[in-house]
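Chain by chain, the residues run as shown.
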Amino acid sequence: MNTAYAWASREFGGVNLSDARLNRRLVSTAAHIRENPCGTLTRTITDKPELKGAYRFFKNKKVKHLDILQPHLEKTRRACTAAGEYLLLEDTTECSFSQRDKISGMGPLTLKTSQGFLAHTCLAMRIERWNDASSPELTVMGLFGQERWAREQAKGSVAQRKKKKRQQKRAATILRSPIAGVAASFQLPARRPGRNGRWWRIEKVIYSV
């Protein structure tokens, strides 16, 4: 077993996509991507049957984003229960598909003519020690959480659209925190984002357990 396949088996071997063939395809595709993470699929997977299988996998409506990530997220969260200090680094990224024809399910991005979706990612890192320059030496633990969504097309008057844009911007920075639902179990410092907010936002990125 090569290194890439061994890694893919560790990270995705516990996935349950309700079909053993899809489970195997995920591990196989992840192993190929692990060997060339910055390349396109056509450059990463040179075997044509494997490439076609990867395309079918990504087009399959049974395959869901969080179903793929769940085993890795659980592994990372369990690892972060060990005693120590951790950084939870959050950021929102625009994933643009503006060079393509209009795609169903995509929404507007910063530029009015662009289309795509937003991904809010939380990366967990363990602080191993502080060096002489008072900077932390870190070990990447993995993804602690990830949420993705598409903005709705603006409607109504100019004033209404501006108000909607402000609300969406606030949602991108507050309401979409991937820590929702796990803050209590990890006893992290958190606050409620508004009276009826569903999501919890971490106030401090360093915590000890």
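That block above? That's the structure.
Because the structure is a prediction, the values reported are computed rather than measured.

Participant: How would you sum up the packing of aromatic side chains? Please name residues and give values.
Facilitator: One pass over the full model with this rule turns up three aromatic pairs. Plain terms: the ring middles of Trp7 and Phe12 are 5.9 Å apart, the flat faces sit at 80 degrees to each other, and that makes the pair edge-to-face. We classify Phe12 as buried; its relative accessible area is 13%. Taking the centre distance of 6.0 Å and the plane angle of 25 degrees together, the rings of Phe97 and Phe117 count as stacked. Separated by 20 residues along the polypeptide, Phe97 in the loop between β1 (85-96) and β2 (107-108) and Phe117 in strand β3 (residues 115-130) bring together distant segments of the chain. Phe117 sits in the buried class, given a relative accessible area of 17%. The side chain of Arg34 reaches across the aromatic face of Trp7, ending 5.8 Å from its centre. Geometry around Phe144 places Arg77 over its ring, the cationic atom sitting 5.7 Å from the centre.

Participant: Tell me what's going on with the packing of helix α1 (residues 3-12) against helix α2 (residues 20-35), and back it up with residues and numbers.
Facilitator: Here α1 crosses α2 at 130 degrees, and the two axes come no closer than 8 Å. Judged by the inter-axis angle, α1 sits oblique to α2. Crossing of α1 over α2 shows right-handed handedness. Every residue of α2 that contacts α1 at Ala4, Tyr5, Trp7, Ala8, Ser9 and Phe12 is listed here: Leu26, Val27, Ser28, Ala30, Ala31, Arg34 and Glu35. Its residues assigned to classes, the contact of α1 with α2 shows nine nonpolar, two polar and two charged.

Participant: Tell me about the pattern of salt bridges, and name the residues and values.
Facilitator: For the structure shown, the criterion picks out six salt bridges. Linking Glu94 and Arg151 is a salt bridge whose minimum nitrogen-to-oxygen distance equals 3.7 Å. Taken together, the positions of Glu94 in strand β1 and Arg151 in the loop between β4 (136-149) and α6 (158-175) put the pair 57 residues apart, joining distant regions of the chain. Residue Arg129 pairs with Glu137 through a salt bridge whose shortest N-O separation is 3.0 Å. By relative accessible area, which is 45% here, Arg129 ends up partly exposed.

Participant: Can you break down helix α4 (residues 48-59) residue by residue, with the values?
Facilitator: Working note: α-helix, 3.6 residues per turn, so residues spaced by three or four point in the same direction. Compared with the 16 Å implied by 1.5 Å per residue over 12 residues, the 17 Å span of α4 between its first and last C-alpha is a close match. If you check which residues of α4 are buried, you get Leu51, Gly53, Ala54 and Phe57. Around the axis of α4, the buried residues are gathered within 160 degrees of arc, so they sit on the same side. Away from its buried face by more than 90 degrees, α4 exposes Lys48, Pro49, Lys52, Arg56 and Lys59. Packed against the buried residues of α4 are α2, α3 (41-44) and α5 (65-79). One side-chain oxygen at the N-terminal end of α4 lies 3.1 Å from the backbone nitrogen of Glu50; it belongs to Asp47.

Participant: Before we move on, could you go through α5 and cite the residues and values that matter?
Facilitator: The terminal C-alpha atoms of α5 lie 22 Å apart, and with 15 residues this matches the ideal 21 Å at 1.5 Å per residue to within 8%. Helix geometry: α5 is bent most strongly at Pro71, by close to 35 degrees. Burial in α5 covers these residues: Ile68, Leu69, Pro71, His72, Leu73, Thr76 and Arg77.

Participant: An account of the environment of Val140 is requested, with residue identities and associated values reported.
Facilitator: Tracing the backbone shows Val140 in strand β4. Taking the C-alpha atoms as reference, Val140 lies 6.4 Å from Arg126; in sequence the two are 14 residues apart. Setting aside residues no more than four positions away along its own chain, Val140 makes contact with Leu123, Ala124 and Met125.

The rules we used
- Residues numbered from 1 in each chain as written.
- Predicted model: local features only at pLDDT ≥ 70, side-chain atom pairs only at ≥ 80, totals over all residues.
- Heavy atoms only, no water.
- Phe/Tyr/Trp six-rings, centres within 6.5 Å; stacked < 30°, edge-to-face > 60°.
- Buried < 20%, exposed > 50% of the residue type's maximum accessible area, 1.4 Å probe, protein only.
- Helix = DSSP H or I, 4+ residues; strand = E, 2+ residues; numbered from the N terminus.
- Lys NZ or Arg CZ within 6 Å of the ring centre and 35° of its normal.
- Axes fitted to C-alpha atoms, helices over the stretch in contact; angles between N-to-C directions.
- Parallel < 35°, antiparallel > 145°, perpendicular 65-115°, else oblique.
- Left-handed = near helix turned anticlockwise from the far one by under 90°.
- Contact = heavy atoms within 4.5 Å.
- Nonpolar A, V, L, I, M, F, W, Y, C, P; charged D, E, K, R; others polar.
- Salt bridge = Lys/Arg side-chain N within 4 Å of Asp/Glu carboxyl O.
- Expected span 1.5 Å × (residues − 1).
- Arc of directions from axis to C-beta.
- Polar contact = N/O pair within 3.5 Å; in protein donor to acceptor, adjacent residues only side chain to side chain.
- Bend = angle between axes of the 7 residues up to and from the residue.

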